[in-house]
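Coordinate inspection notes
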Amino acid sequence: MNARILLLLAALALTVAHAAPRKGKKPDPARKTRTTAKAAASATTIDCDRIAFPGPDSVEVAGFEKTLRATKESMIVTNNTSHEITAIGLDITYLDMKGRMLHRTTRSIQLPEGLPPGESRMVSIPAFDRQGLFYYHLSPKPRRATQATPFRVAVTVSYICIPKPSTDIINK
């Protein structure tokens, strides 16, 4: 009987000792593959011709939205050029309702699926307001009577990227 108890205690001690260094979940190799593939896709650079300061009517940005607690800002980008756009650069100035500047930033947005001529896409960027104190004045007003500050934006397109022509076409 004592031998059985000792054997049971020894097996229990080995199980506990073996399991102790393993904290957390067992790594999932499929998840690691998905993560590295996603990182590789975002790290790829698109070979393109960069057009700085395109005409004011070439790309239209409208429908800006950011609610009080939102972590992202979204807007609709319309391609009015005759070329597909693969990336876009935006200069965004945030203003209070009296026209005073709150913040200014530049954003580069990759459009992996491209933006064909005459089409629109909704794009999202991280919000400038990390504390959740500001909301875009045309977005829905906060329901609760909290201290929230409305703001306006001025968005300017600083550049667009269009795909470079294929070398096969040039050599023919």
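This is a predicted model, so every value here is computed, not measured. (Residues numbered from 1 in each chain as written. Predicted model: local features only at pLDDT ≥ 70, side-chain atom pairs only at ≥ 80, totals over all residues. Heavy atoms only, no water.)

1. A closer look at the overall build of the protein chain
Within the protein chain, the regular secondary structure consists of 3 helices and 8 strands. Sequence-ordered secondary structure for the protein chain, helices as α and strands as β, is α-α-β-β-β-β-β-β-β-β-α. For the protein chain, buried positions account for 28% of its 172 residues. (Helix = DSSP H or I, 4+ residues; strand = E, 2+ residues; numbered from the N terminus. Buried < 20%, exposed > 50% of the residue type's maximum accessible area, 1.4 Å probe, protein only.)

2. Re the packing of aromatic side chains
Any two aromatic rings considered together are summarised by their centre-to-centre distance and by the angle between their planes. If you walk through the whole model with that rule in mind, you get 7 aromatic pairs. Relative to F134, the ring of F128 lies with its centre 5.6 Å away and its plane at 40 degrees, an arrangement referred to as tilted. Ring-pair connections join several aromatic residues into one group, and the members of that group are F64, Y94, F128, F134, Y136 and F151. The positively charged end of R50 is found above the aromatic ring belonging to Y159, 3.7 Å away from the centroid. (Phe/Tyr/Trp six-rings, centres within 6.5 Å; stacked < 30°, edge-to-face > 60°. Lys NZ or Arg CZ within 6 Å of the ring centre and 35° of its normal.)

3. Re the pairing of strand β8 (residues 149-163)
On any regular strand, side chains alternate: one points to one face of the sheet, the next to the other face. By the bridge criterion, 5 bridges tie strand β1 (residues 48-52) to β8 in an arrangement that is antiparallel. Bridging from a neighbouring strand, D49 pairs with I162 of β8. Bridge count for strand β7 (residues 134-136) against β8 is 3 bridges, and the pairing is parallel. Note that in β8 the partner of F134 across the bridge is T149. (Pairing = 2+ DSSP bridges.)

4. Looking at the sheet that holds strand β2 (residues 59-65)
Ordered by their spatial adjacency, 3 strands build an open sheet running β2-β3-β6, and the pairing between neighbours is antiparallel. Among the strands making up the open sheet, the edge pair consists of β2 and β6 (120-126). Averaged over all adjacent pairs, the angle separating strand axes in this sheet is 30 degrees, with direction ignored. Bridging between β2 and strand β3 (residues 72-79) involves 5 bridges; their strand directions are antiparallel. The residue of β3 that forms the bridge with V59 is N79. (Axes fitted to C-alpha atoms, helices over the stretch in contact; angles between N-to-C directions.)

5. As for the environment of T67
Along the polypeptide, T67 turns up in the loop between β2 and β3. For T67 and P150, which are 83 residues apart along the polypeptide, the C-alpha to C-alpha distance reads 9.6 Å.

6. A short note on the confidence of the model for the protein chain
The predicted model of the protein chain averages 80 in pLDDT, with 68% of residues at 70 or higher. Least confident of the elements in the protein chain is helix α2 (residues 29-43), whose mean pLDDT is 49; most confident is β3, at 96. This stretch, residues 34-44, has a pLDDT under 50; its non-local contacts, to residues over four places away or in other chains, come to 1 contact. (pLDDT = per-residue confidence, 0-100. Contact = heavy atoms within 4.5 Å.)

7. A word on the pattern of salt bridges
What the rule picks out here adds up to 3 salt bridges. Notably, a salt bridge pairs K66 with D129, separated by 3.1 Å at the nearest N-O pair. One end of the pair, K66, is in the loop between β2 and β3; the other, D129, is in the loop between β6 and β7, with 63 residues separating them in the sequence. Between R121 and E119 there is a salt bridge; the shortest N-O distance is 3.0 Å. R121 sits in the partly exposed class, given a relative accessible area of 29%. (Salt bridge = Lys/Arg side-chain N within 4 Å of Asp/Glu carboxyl O.)

8. Concerning the environment of R107
Relative to the assigned elements, R107 resides in strand β5 (residues 101-115). In this structure R107 comes out as partly exposed when scored by relative accessible area, which is 22%. Counting along the chain gives 15 residues from R107 to I92, while the straight-line C-alpha distance between them is 7.8 Å. For R107, the contacting residues outside a window of four places in its chain are I88, G89, L90, I92, I125 and P126. Looking at R107, its side chain comes within polar contact range of the main-chain oxygen of P126, at 3.5 Å. (Polar contact = N/O pair within 3.5 Å; in protein donor to acceptor, adjacent residues only side chain to side chain.)

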